[in-house]
Amino acid sequence: MTFALFARPKKSTDTPAPRPPAGGDVFGKLSKLETLPHLSDTAVRAMALCNNPDATLGEMADVIRRDGVMAAGLLKLANSVVYRGSVEVTDLQQAVVRLGMRGCRSVVSAAGMRNLYAKMPPAVKVTCENVLRHSLFVGGLSTAIARSLRLTLGGEEYTAGLLHDIGRVVMCATSPALYAALPVSANDGDPAVRAAEAEVFGADHCAIGRLFAVRNNLPARIGKAIQHHHTPEAAEGDTRPLTAVVALADGIANHLQEHRSLDNFPLDTTPAFEMLRRLVVSERVSVFPTELKKLVVGCVRDTRATLKSMAD
């Protein structure tokens with residue numbers, strides 16, 4: 001089975017790509033938190049509700065109602081071809097009920113990310129949309145993995161998965177010319193890519209992503225999972241299960257992007273899965289490998305549905 005959701009990045013088959021230009025102390029400037037882009041108050045509040053297993057749809061509707069643009073967008077989505085029922089929805093409460101907490105989570109989170117680059121040039125938007133597509137899948141797969149392994153992560157796995165590559169969006173939106181000169185790879189965890197990011201920006205997308213999490217007052221565990229999603233073995237304490245789940249989901253997404261298939265994914269030797277085998281005391285670990293393809297297929301389907309509804 002191939003997964004067309006993941007487009008391969010264009011690679012040069014001729015001469016090597018030019019060395020990225022030095023960008024000066026870009027990270028130093030970004031580390032001043034007031035210069036970082038930030039999520040809207042509505043998006044932050046909605047994400048917090050999504051991380052709360054006791055949150056209600058009524059509470060979600062109350063939060064979204066405070067943002068007229070987001071409320072209008074949610075109504076539009078509830079009446080899109082993906083979610084449309086037998087009658088048109090005209091009330092926000094009805095729209096939230098139709099979409100459900102899971103649908104609202106995807107839509108509001110994606111809208112929050114899109115607002116970060118909404119006013120940027122078309123080329124920047126294309127790059128950030130590719131990151132968003134990848135991130136929606138990783139967020140959904142992180143949730144599916146946690147559920148399959150019966151991990152209790154309080155919903156933070158979705159937010160951490162969705163925002164794991166937010167550092168790439170920040171770099172692209174704040175310094176598009178420098179970002180465009182970075183090496184192109186189907187795997188953003190490629191050490192060469194991360195080394196180039198560090199040389200140009202002063203830090204890689206993982207460190208910049210954690211800064212973004214701090215700027216937006218997200219839970220510390222989410223920030224640390226973002227920071228270590230390519231190095232889960234560096235996670236400590238209670239951040240280890242969350243980091244391992246996000247790292248595994250991202251590794252699978254990168255494999256699909258490069259190969260368009262789950263075939264030959266080295267699950268048993270993947271550091272994140274090795275961590276989970278040590279952390280999860282459950283028979284679910286032994287059956288997880290046989291469930292993985294089903295989980296991936298379901299998340300690809302859900303990601304396509306979310307993207308389609310947003311495009312209508």
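This is a predicted model, so every value here is computed, not measured.

### Side note on the overall build of the protein
Counting its regular elements, the protein contains 15 helices and zero strands. Scored against the burial criterion, the 312 residues of the protein give a buried share of 52%. For the protein, restricting intrachain contacts to residue pairs at least 6 apart in sequence, the fraction spanning at least 24 positions comes to 69%.

### A closer look at the pattern of salt bridges
Taken as a whole and assessed by the stated rule, the structure comprises 11 salt bridges. With its nearest N and O atoms 3.7 Å apart, the salt bridge here joins Asp268 to Arg277. Residues joined in a network through salt bridges with shared partners are Glu156, Arg221 and Asp238.

### Topic: the nonpolar core
Counting residues in each nonpolar core, the largest one holds 69 residues, and the members touching the most others are Phe137, Leu141, Leu248, Ile252, Phe288 and Val296. Of all hydrophobic cores here, the second largest spans 22 residues; its members include Ala55, Ala71, Tyr83 and Val96.

### What about the packing of helix 2 (residues 41–50) against helix 3 (residues 57–65)?
Interhelical geometry of helix 2 versus helix 3 gives an angle of 170° and a closest axis separation of 9 Å. In terms of their interaxial angle, helix 2 and helix 3 are classed as roughly antiparallel. Side by side, helix 2 and helix 3 meet where Thr42, Arg45, Ala46, Leu49 and Cys50 of the first sit next to Glu59, Met60, Val63 and Ile64 of the second. Within the contact of helix 2 with helix 3, the residues separate by chemical class into six nonpolar, one polar and two charged.

### A word on the environment of Arg45
Mapped onto the fold, Arg45 is located in helix 2. Sequence spacing of Arg45 and Ile64 is 19 residues, and the spatial spacing of their C-alpha atoms is 8.8 Å. Setting aside its immediate chain neighbours within four residues, Arg45 contacts Val63 and Arg66.

### Looking at helix 11 (residues 205–215)
Among the residues of helix 11, His205, Cys206, Ile208, Gly209, Leu211, Phe212 and Ala213 are the ones counted as buried. Where helix 11 begins, the side chain of Asp204 points an oxygen toward the backbone nitrogen of Cys206, at a separation of 3.1 Å. In the stretch just after helix 11, Asn217 is the one whose phi turns positive, near 55°.

### Concerning the side chain of Asp250
Position of Asp250 relative to the elements: it lies in helix 13 (residues 240–259). Notably, Asp250 is buried but unbridged: the nearest opposite-charge side chain belongs to Arg168, and the N-O separation is 6.6 Å. There is a polar contact of 3.0 Å between the side chain of Asp250 and the side chain of His164. Filtering out sequence-adjacent residues up to four positions away, Asp250 remains in contact with His134, Val138, His164, Asp165, Asp188, His229 and His230.

### Overview of unusual backbone geometry
Within the chain, Asn217 stands out as a residue other than glycine whose phi angle is a positive 55°. With respect to the helices and strands, Asn217 occurs in the loop between helix 11 and helix 12 (220–227). When its relative accessible area of 68% is taken as the criterion, Asn217 is described as exposed. Of note, Arg260 is a non-glycine position whose phi angle comes to about 60°, a positive value.

### Describing the confidence of the model for the protein
Of the residues in the protein, 87% reach a pLDDT of 70 or more, and the chain-wide mean stands at 84. By mean pLDDT, the top-scoring element of the protein is helix 12 (96), and the lowest-scoring one is helix 1 (residues 26–30) (65). A low-confidence stretch, residues 10–21 (pLDDT under 50), is modelled with 12 contacts involving residues beyond four sequence positions or located in other chains.

About the thresholds
The residue numbering used here restarts from 1 in each chain and proceeds along that chain's sequence as written. The model is predicted, so local features are restricted to residues of pLDDT at least 70 and side-chain atom pairs to those at 80 or more, both for listing and for counting; the totals for chains, interfaces and linings are taken over all residues. With hydrogens and water set aside, each side-chain value is computed from the structure's full complement of heavy atoms. Strands here mean DSSP runs of E at least two residues long; helices mean DSSP runs of H or I at least four residues long; both are numbered from the N terminus. Relative accessible area decides the class of each residue, using a 1.4 Å probe on protein chains only: under 20% of the type maximum gives buried, over 50% gives exposed, and in between gives partly exposed. By the convention used here, residues are in contact when the closest approach between their heavy atoms is within 4.5 Å. Just to be clear on terms, a salt bridge is a Lys or Arg side-chain nitrogen sitting within 4 Å of an Asp or Glu carboxyl oxygen. In this description, a nonpolar core means a group of buried Ala, Val, Leu, Ile, Met, Phe, Trp, Tyr and Cys residues linked to one another through side-chain atoms lying within 4.5 Å. Lines fitted to C-alpha atoms define the axes here, with helix axes fitted over just the stretch in contact, and angles between the N-to-C directions of these axes take values from 0 to 180 degrees. Under this scheme an angle from 65 to 115 degrees is roughly perpendicular, one under 35 degrees roughly parallel, and one over 145 degrees roughly antiparallel; angles in between are oblique. By the convention adopted, Pro, Cys, Tyr, Trp, Phe, Met, Ile, Leu, Val and Ala count as nonpolar, Lys, Arg, Asp and Glu as charged, and the other residues, Gly among them, as polar. Between N or O atoms, a polar contact is any pair within 3.5 Å; within protein, one atom must be a potential hydrogen donor and the other a potential acceptor, and residues adjacent in sequence are included only when both atoms are from side chains. Charge counting treats Lys and Arg as positive and Asp and Glu as negative, with His and both chain ends excluded. Note on scores: pLDDT gives the predictor's confidence for each residue, bounded by 0 and 100.

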